[in-house]
Amino acid sequence: MAKEGLPEVSTANLDGSGLKVAVISATWNEEICDRLHVHAIKAAAETGATVNDYRVVGALELPVAVQAAAKTHDAVVANGCVVKGGTPHFDYVCDSVTAGLTRIALDEGVPVGNGVLTTNTLEQAIERSGGPGSVEDKGAEAAIAAIHTALVLRNIRQDSQDSQDSQVSRVH
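The structure reproduced in this document is the subject of the present report. Since the structure is predicted, the reported quantities are computational estimates derived from the model, not experimental observations. (Residues numbered from 1 in each chain as written. Predicted model: local features only at pLDDT ≥ 70, side-chain atom pairs only at ≥ 80, totals over all residues. Heavy atoms only, no water.)

**Considering the pattern of salt bridges**
Part 1 of the argument: Per the stated rule, a full pass over the model turns up eight salt bridges.
Part 2 of the argument: Residue K71 is joined to E108 by a salt bridge in which the shortest nitrogen-to-oxygen separation is 2.9 Å. Of the two residues, K71 is situated in the loop between α2 (62-70) and β3 (75-83) and E108 in helix α3 (residues 89-108); the sequence distance between them amounts to 37 residues.
Part 3 of the argument: Owing to a relative accessible area of 56%, K71 belongs among the exposed residues under this scheme.
Part 4 of the argument: Salt-bridge contacts for K138 lead to E136; the nearest nitrogen and oxygen are separated by 3.1 Å.
Part 5 of the argument: Judged by its relative accessible area of 7%, E136 falls in the buried class.
Part 6 of the argument: Each of the salt bridges in this network shares a partner with another, and the network as a whole consists of R128, E136, K138 and E141. (Salt bridge = Lys/Arg side-chain N within 4 Å of Asp/Glu carboxyl O. Helix = DSSP H or I, 4+ residues; strand = E, 2+ residues; numbered from the N terminus. Buried < 20%, exposed > 50% of the residue type's maximum accessible area, 1.4 Å probe, protein only.)

**Section: the pairing of β3**
Part 1 of the argument: In terms of residue burial, β3 counts as a mostly covered element, since eight of its nine residues are buried.
Part 2 of the argument: Pairing of strand β1 (residues 20-26) with β3, which is carried by five bridges, proceeds in the parallel orientation. The residue of β3 that forms the bridge with I24 is A78.
Part 3 of the argument: Pairing analysis gives eight bridges linking β3 to strand β4 (residues 112-119), with the strands arranged parallel. Residue V76 lies in a different strand from β4, and its bridge partner there is V112. (Pairing = 2+ DSSP bridges.)

**Looking at α3**
Each turn of an α-helix holds 3.6 residues, which means side chains three or four residues apart point in the same direction.
Part 1 of the argument: The terminal C-alpha atoms of α3 lie 28 Å apart, and with 20 residues this matches the ideal 28 Å at 1.5 Å per residue to within 8%.
Part 2 of the argument: Taken residue by residue, α3 has F90, V93, C94, V97, G100, L101 and I104 as its buried positions. Buried residues of α3 fall within an arc of 140° about the axis and therefore sit on the same side. When the buried face of α3 is taken as reference, the exposed residues oriented beyond 90 degrees from it are Y92, D95, L106 and D107.
Part 3 of the argument: Just beyond α3, the residue with positive phi is G109, at close to 70°. (Expected span 1.5 Å × (residues − 1). Arc of directions from axis to C-beta.)

**Some words on the packing of α2 against α3**
Part 1 of the argument: At their nearest, the axes of α2 and α3 sit 9 Å apart, and the two run at 15° to each other. With respect to α3, the element α2 is oriented roughly parallel. Both α2 and α3 take part in a crossing whose hand is right-handed. Along the contact surface, α2 presents P63, V66, Q67 and A70, while α3 presents V97, G100, L101, R103, I104 and E108. (Axes fitted to C-alpha atoms, helices over the stretch in contact; angles between N-to-C directions. Parallel < 35°, antiparallel > 145°, perpendicular 65-115°, else oblique. Left-handed = near helix turned anticlockwise from the far one by under 90°. Contact = heavy atoms within 4.5 Å.)

The values are spatial; any link to function lies outside them.
Below, the structure is given as structure tokens:
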């Protein structure tokens, strides 16, 4: 089960006030992606963050939209659903999307919550998207992870600035 080992971080113990978060979701596998999208928006809003939401057609379109949003937002959540078929296309899409989202987060210094489901079956996608009776909700989990990381980065940057300020004041 993918839920094993998940830390106890929830919207109840995150203060996203002052953060601007983009939620970008694919529309391919519409039922799944709609659920991921709605749950990510709800989770981000519950933290007090300002949320902007956007839609793209498929998972391969996510990285370019996420990159644009990372320039103007404190965190970005990318949601999509890729269900394995009978060809290697699944592998190429999953690898490309994951590598793209990771590269964007590192290049832009902005957390990207990866809510792109890569499943063997539609049933697995329903279970992981917060569907009826499921124990996982990857849209909400991706939003929580991105916001939590944005808050950690805010603290790191503030600590770095405080250190620089104290060094400058000691010189004078």
